[in-house]
Amino acid sequence: MKDWPLRNRIIFIALAPAMLTALVLSTHLFINYYALLEKNLLQRGEALARQLSVPVAYAIEQDDLQQMQTILDKLLQEPEVRAVSIHNKERNNILHGGPSMYGVSNASHRLQNQPLVRYSDASLRIIHPLYSPYPHQADLQNNQKSYTPLFTPVEVKTRYISGWLEIEVNLSQTRLDTIYDVILNWMLVICLLIITLMIAIRTNRLFLAPIQELSLTIKNITSGNYHTRAQKSGLPEFKVLADDLNRMTEKLAESRKELEDSIEQTTYELEETMETMETQSIELDLSRKKAEEANRIKSEFLANMSHEIRTPLNGIVGFCNLLKRTRLNPRQNEYLTNIRNASDSLLAIINDILDFSKIEAQKLEVESIPFNLRDILDESITLLAPEVHRKQLELVAMIYDDVPVHLISDPLRLKQVLTNLISNAVKFTEHGEVIIRIMVEEELNDEMILRASVTDTGIGISPQQQQYLFSAFTQADPSQTRQFGGTGLGLVICKRLVELMGGEIGLDSQPGQGSTFWFTVRTPLVTDITQPQSSQRFAGLKALLVESHPLHQTALSHQLSQAGLKVISHNSLTGINVNDPAADLAVLAFNTQEASDRANLALSHKLAENIPVLVLAGSSDGDLITRYMSAGVHRVDTKPAGYELLLDAIESILQQNRKSAQDQSFPGTSALILNEERRNKTVLPSDDSASFDKIASAPLILVVDDNAANLLLASSLLKEYGLEVTQANSGKKAIERVLSKRPDLVLMDIQMPDMDGLEATRRIRSLGPQFEELPIIALTAHALPEEGDKFLHAGLNDLLTKPFDEQKLARIIRHWTGFSPRLLTADETPQAPDRSTDSDDIDDVVDMELGIRLAGGKPALAKEMLDMLIQSIPESRDSLHRAFQSNNIEEMIHSVHHLHGATRYCGVPRLALTTETLETQLKMNQLVIAQGTLQTLYQELEKLESWHREQQLIDHHNQG
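Residues numbered from 1 in each chain as written. Predicted model: local features only at pLDDT ≥ 70, side-chain atom pairs only at ≥ 80, totals over all residues. Heavy atoms only, no water.

Going by an unreviewed UniProt entry, the protein carries the name histidine kinase and comes from Oceanospirillum sediminis. Annotation of the protein in UniProt includes, under Catalytic activity (unreviewed entry), the sentence "ATP + protein L-histidine = ADP + protein N-phospho-L-histidine." In the Subcellular location (unreviewed entry) part of its UniProt record, the protein is described as follows: "Cell inner membrane". (UniProt positions renumbered as here; feature names shortened; annotations may be inferred.)

Attention now moves to the overall build of the protein. Secondary structure assignment for the protein yields 29 helices and 22 strands. Within the span of the protein, comprising 960 residues, buried residues form 41% of the whole. When contacts within the protein are restricted to residue pairs at least 6 apart in sequence, those whose partners lie at least 24 apart make up 70%. Surface summary for the protein: the accessible area is close to 53,100 Å², and the carbon and sulfur share equals 54%. (Helix = DSSP H or I, 4+ residues; strand = E, 2+ residues; numbered from the N terminus. Buried < 20%, exposed > 50% of the residue type's maximum accessible area, 1.4 Å probe, protein only. Contact = heavy atoms within 4.5 Å. Areas by Shrake-Rupley, 256 points an atom, 1.4 Å probe, with all protein chains shown as cover.)

Here we come to the pattern of salt bridges. Between side chains of opposite charge, pairing is possible as soon as their charged atoms come close. Applying the stated rule across the entire model yields 24 salt bridges. Beyond isolated ion pairs, a larger network of salt bridges with shared partners links Asp285, Arg288 and Lys289. (Salt bridge = Lys/Arg side-chain N within 4 Å of Asp/Glu carboxyl O.)

Attention now moves to the packing of helix 20 (residues 731–741) against helix 21 (residues 757–765). In the contact formed by helix 20 and helix 21, the axes pass within 9 Å of each other and the chain directions differ by 25°. Comparing their axes, helix 21 and helix 20 come out roughly parallel. In this structure, helix 20 crosses over helix 21, and the sense of that crossing is right-handed. Residues Gly731, Ile735 and Val738 of helix 20 form the contact with helix 21, whose participating residues are Ala760, Arg763 and Ile764. Looking at the contact of helix 20 with helix 21 residue by residue, the class counts come to four nonpolar, one polar and one charged. (Axes fitted to C-alpha atoms, helices over the stretch in contact; angles between N-to-C directions. Parallel < 35°, antiparallel > 145°, perpendicular 65-115°, else oblique. Left-handed = near helix turned anticlockwise from the far one by under 90°. Nonpolar A, V, L, I, M, F, W, Y, C, P; charged D, E, K, R; others polar.)

On to the pairing of strand 2 (residues 93–97). In this sheet, strand 2 lies alongside strand 1 (residues 81–88) in antiparallel orientation, the contact comprising four bridges. Within strand 2, the residue paired with valine 84 across the bridge is glycine 97. Counting the residues that bridge the hairpin from strand 1 to strand 2 gives four residues, and of these arginine 91 lies at a positive phi of roughly 70°. (Pairing = 2+ DSSP bridges.)

Further remarks concern helix 27 (residues 889–903). Along its 15 residues, helix 27 runs 21 Å from first to last C-alpha, staying within 8% of the 21 Å computed at 1.5 Å per residue. Within the sequence span of helix 27, burial applies to Met892, Ile893, Ser895, Val896, Leu899, His900 and Thr903. Projected down its long axis, helix 27 shows its buried positions confined to an angular sector of 165°, all on one face. Exposed positions of helix 27 whose direction lies more than 90 degrees from the buried face are Glu890, His894 and His898. Where helix 27 begins, the capping side chain belongs to asparagine 888, and its oxygen is found 3.1 Å from the backbone nitrogen of glutamate 890. (Expected span 1.5 Å × (residues − 1). Arc of directions from axis to C-beta. Polar contact = N/O pair within 3.5 Å; in protein donor to acceptor, adjacent residues only side chain to side chain.)

Taken in spatial order, the five strands of this open sheet run 14-13-15-16-17, and their pairing is parallel. Since the sheet does not close on itself, it has two edges, and those belong to strand 14 (566–570) and strand 17 (635–638), each with one partner. Taking the axes of each pair of neighbouring strands and ignoring which way they run, one obtains an average angle of 20° across the sheet. Looking at chain direction, strand 13 (residues 542–546) and strand 14 are connected through five bridges and run parallel. Directly across from leucine 544, in strand 14, lies its bridge partner isoleucine 568.

Take the packing of helix 27 against helix 28 (residues 909–923) next. Relative orientation of the contacting elements helix 27 and helix 28 amounts to 155°, with a least axis distance of 9 Å. Relative to helix 28, the element helix 27 is oriented roughly antiparallel. Handedness of the crossing formed by helix 27 with helix 28: left-handed. For the pair helix 27 and helix 28, contact is made by Ile889, Met892, Ile893, Val896, His897, Leu899, His900 and Thr903 and by Leu911, Ala912, Thr915, Glu916, Leu918, Glu919, Leu922 and Lys923, respectively. Residues belonging to the contact of helix 27 with helix 28 are distributed by class as follows: nine nonpolar, four polar and three charged.

The next thing to look at is the packing of aromatic side chains. Per the counting criterion, the structure on display carries one aromatic pair. Each ring, one from phenylalanine 590 and one from tyrosine 628, has its centre 6.1 Å from the other, and the planes form 40°; the classification is tilted. Of this pair, phenylalanine 590 sits in strand 15 (residues 585–590) while tyrosine 628 sits in helix 16 (residues 622–630), and the two are 38 residues apart along the sequence. Looking at tyrosine 628, the relative accessible area reads 2%, which means it is buried. If you follow arginine 374 out to its NZ or CZ, it ends over the ring of tyrosine 643, 4.1 Å from the centre. (Phe/Tyr/Trp six-rings, centres within 6.5 Å; stacked < 30°, edge-to-face > 60°. Lys NZ or Arg CZ within 6 Å of the ring centre and 35° of its normal.)

Right, let's get into the environment of arginine 496. Looking at the element boundaries, arginine 496 is found in helix 12 (residues 490–500). Measuring from C-alpha to C-alpha, the distance between arginine 496 and valine 417 comes to 9.9 Å, with 79 residues separating the pair along the chain.

Judged by pairing direction, the sheet is mixed, and its five strands sit side by side in the order 7-9-10-12-11 without closing on themselves. The open sheet has two edge strands, strand 7 (394–399) and strand 11 (505–509), and neither has a second partner. Sheet twist, expressed as the mean angle between neighbouring strand axes with direction ignored, is 20°. In the sheet, strand 7 pairs with strand 9 (residues 433–443) via six bridges, with the strands oriented parallel. The residue of strand 9 that forms the bridge with methionine 398 is arginine 437. Each of strand 7, strand 9 and strand 10 (447–456) touches helix 7 (residues 373–383); the most contacted strand, strand 7, lies at about 170° to it.

This next bit is on the side chain of arginine 737. Relative to the helices and strands, arginine 737 is located in helix 20. Taking the relative accessible area as the measure of exposure, arginine 737 reaches 1% and is therefore buried.

A cluster of like negative charges, contributed by Glu269, Glu271, Glu272, Glu275 and Glu278, occupies part of the molecular surface. Position of glutamate 271 relative to the elements: it lies in helix 5 (residues 236–324). (Patch = residues over 30% accessible without salt bridge, like charges linked within 9 Å, V, L, I, M, F, W, Y side chains within 5 Å. Lys, Arg positive; Asp, Glu negative; His and termini not counted. Charge placed at Lys NZ, Arg CZ, Asp CG, Glu CD.)

Moving on to unusual backbone geometry. At the junction of lysine 639 and proline 640, the peptide bond is cis and its omega measures out at 5° in the coordinates. In this fold, proline 640 is placed in the loop between strand 17 and helix 17 (643–665). The phi angle at arginine 91 is positive, at roughly 70°, despite the residue not being glycine. Mapping arginine 91 onto the fold places it in the loop between strand 1 and strand 2. A positive phi is found at alanine 582, a non-glycine position, where the angle reads about 55°. Along the chain, alanine 582 falls in the loop between strand 14 and strand 15.

Mapped onto the fold, threonine 914 is located in helix 28. What threonine 914 contacts, discounting residues up to four positions off in sequence, is Thr933, Thr936, Leu937 and Glu940.

Turning next to the environment of arginine 91. Take arginine 91: its relative accessible area is 45%, and that puts it in the partly exposed class. Ignoring any residue separated from it by four or fewer positions in sequence, one finds arginine 91 in contact with Leu111 and Trp164.

Within the largest apolar cluster, 42 residues are counted, with the highest numbers of intra-cluster contacts made by Leu373, Val417, Leu421, Ile422, Ile436, Phe517 and Phe519. Within the residue set of this core, elements represented by two or more residues are helix 7, strand 7, helix 9 (411–427), strand 9, strand 10, helix 12, strand 11 and strand 12 (515–524). Counting residues per element, this core draws most heavily on helix 9, at seven residues. Aside from chain neighbours lying at most four places away, what touches phenylalanine 517 is Leu421, Ala452, Ser453, Val454, Ile461, Leu469, Phe470, Leu491, Gly506 and Leu507. In terms of nonpolar packing, the next biggest core, distinct from the first, is built from 25 residues, Phe884, Met892, Cys906 and Leu911 among them. (Core = buried A, V, L, I, M, F, W, Y, C linked by side-chain atoms within 4.5 Å.)

We now examine the confidence of the model for the protein. The predicted model of the protein has a mean per-residue pLDDT of 78, with 82% of residues at 70 or higher. Of the regions scoring below 50 in pLDDT, residues 143–157 engages in twelve contacts with residues more than four places distant in sequence or in other chains. Contacts for the low-pLDDT stretch residues 477–483, under 50 throughout, to residues beyond four places or in other chains number seven contacts. (pLDDT = per-residue confidence, 0-100.)

This is the structure in structure tokens:
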């Protein structure tokens, strides 16, 4: 109905009320009319029954059937009466007139002492009792009088019933009359409805015609014909609406004209703007290209500056380490320490600037590789341990049990963030503690959010200062910048790194109450790496733990429990029975004051006499450590101690205790064990597989660098590690050394004149299959990650950044050669003779220009004579060996003279000079000196053979 058109709505509104009114009124009138007719019939029947009840009763009493029949005939003449029945007092039908009566309900009980009305489907039945007009016989006997009615009354009511009169009134005719009236009435109603419909249709036309006209006008206006006007027709209201529509059309036409003018003006302005934007776009594109070029130049500048700064810095740091191993007085040692600290600070500033520049250039990327979280945390706290000891702080690291040990993220960047936050906490804390907590904040379907926090008891930061804390080149305030130093880039870099790892960083701090820096990292749930369960390395052993700091005690107890130890914790040694400790080992963690306490030293000595004792001192003071070692403590380390270092230390003191027990039972066993350890100390098996053949003896290392200081530094350090070293100061010399010396590993500088390290590496790889797996390590001051990737793609095997760390250098050598470097003591010598002294002598072995002059200017003859000399070397070596073995001076002179004669016509000046010197010494009978010269002669022959092999490889490579 809601979608009906107006025409239907008008017709419905006109007809619906009329039809509803007619239906209600006619129904009401018909019902009332029928009820009235039925009531009249009932009253008529009851009146007849009352009037005839006395005559009928009298006739019954007189048993006058003829009289009763006469009364029935008169009743049947009434149009409403259908049938009549008379019953006697025994309820027997004594007379009936008319057709059989219709059945009524409860017919057997219809003859009652009072009048009744019963209905059937087509009639109603009036049942009236007939009372005797005479008194009852009993009454007459009581009165003792004879009774004779003097007249017949109209109605006599006694309590004695003579019978019943039953009259059936016909309702069929009444109902037919009613139906006729209904039909007639509805015909009248329908006629009225038709008239109403015609009126509604006429009214509908009066409404619809103007509306359709207005609708057509609106359609024309909508299509853009603003000259159309609505016609005034219909009712006055429609004429007013037409006037309003015409005025609206005029306004729309005016607005359309104004809009077109505005569009034309806007289009013109837009064209001018587009031209301006195109010009600006060209300018922006040029600016972008300039910015990209400037960024590229900046990156190159940073890389070059990094190289130029790191190169001398490498020498400073390296020579400081070498110099520190020599004998120094305290003042010299202090100066040297200050130089090293200044170098480390400068290196840290360079690293911050490089990281910040990569952040600005959006070139900073993070990796996603598996790593051990505990190792990362241990490395960070170990790095900052010296400063913690200097300030006498407590540094506690706690990894909660729900944190997986193995994670997948960027370990280098995670360590950088942790180290920076811990370093800041230590820097701004003068006393108290620094607590590191790592926990799982939230675990999702396929990843988890890791939360790390660093809490300190330092100076704190005000809310105003916190707003600018993560901005570049800012710290809490300028005075602290001067007091504590730093570039103000650390937190900016941390914020960017944390965001790249899918987390966020923040802090909670109050001035004077310390600070808590926290950050979160998203990491995938590790499913393919088996998480290590609590190690049972020391299962069944009982350990005493002494630590006065509550949190550090909890952390240490947790670590020891993970290793299978049953831990008994104490706050001090005073509560322990040192003579009967009832434990298998003891871990004593002392701060500086506790470690300096003589009572603790004495109790530690007593305790060490009974069980193995490990002391974790909060100080790196050598005298303090010496005192505890002298007191019989099995081992002294500094705290905080990493998890693996702690377990290794415990295992070490337990082994010492077992060896001591074996020494008491078998005195010779310790010497055998010591010798075995010394034999195994030279070469340790490598866990990492390397493609180059692993060697048990000291490998030969080729160091390539154009900087003389770096060349000397690397060579000196490698020699101190017991390695053989040969040198080259250019890429071309490096290729020659590889061919002649066959090194086991090459340390290749990248930035060199003429031929850089990358080109030299490519040429070495192309010399032959035997050089494809030669380990070549990039030794460079370039610190950008993309530069490192470029080096590895060029064929280098690994990367060592200047200034290189000695431990990393040792790890690289161990990984790629299988040799475990260790610093040699003053009384030790390298395992093989040093060949570095002949690094440049090979250039003087052969002088072809001299050989050509000696051959009369004939290059072919000079080459032929040189080849003949080289081919005769084995025979000459054997002849010399036999002559010197026989101690026959004449045979010696003859053999040397024969070789000397062959060298006089070839371009081998050093070999000729050596043979001439040896011949002179033999002729002068200087046999002792001649033995040394003979060894030099053998070396010169080896050099000549090496030169010959090198030339053959070079010729073969050039031909290929």
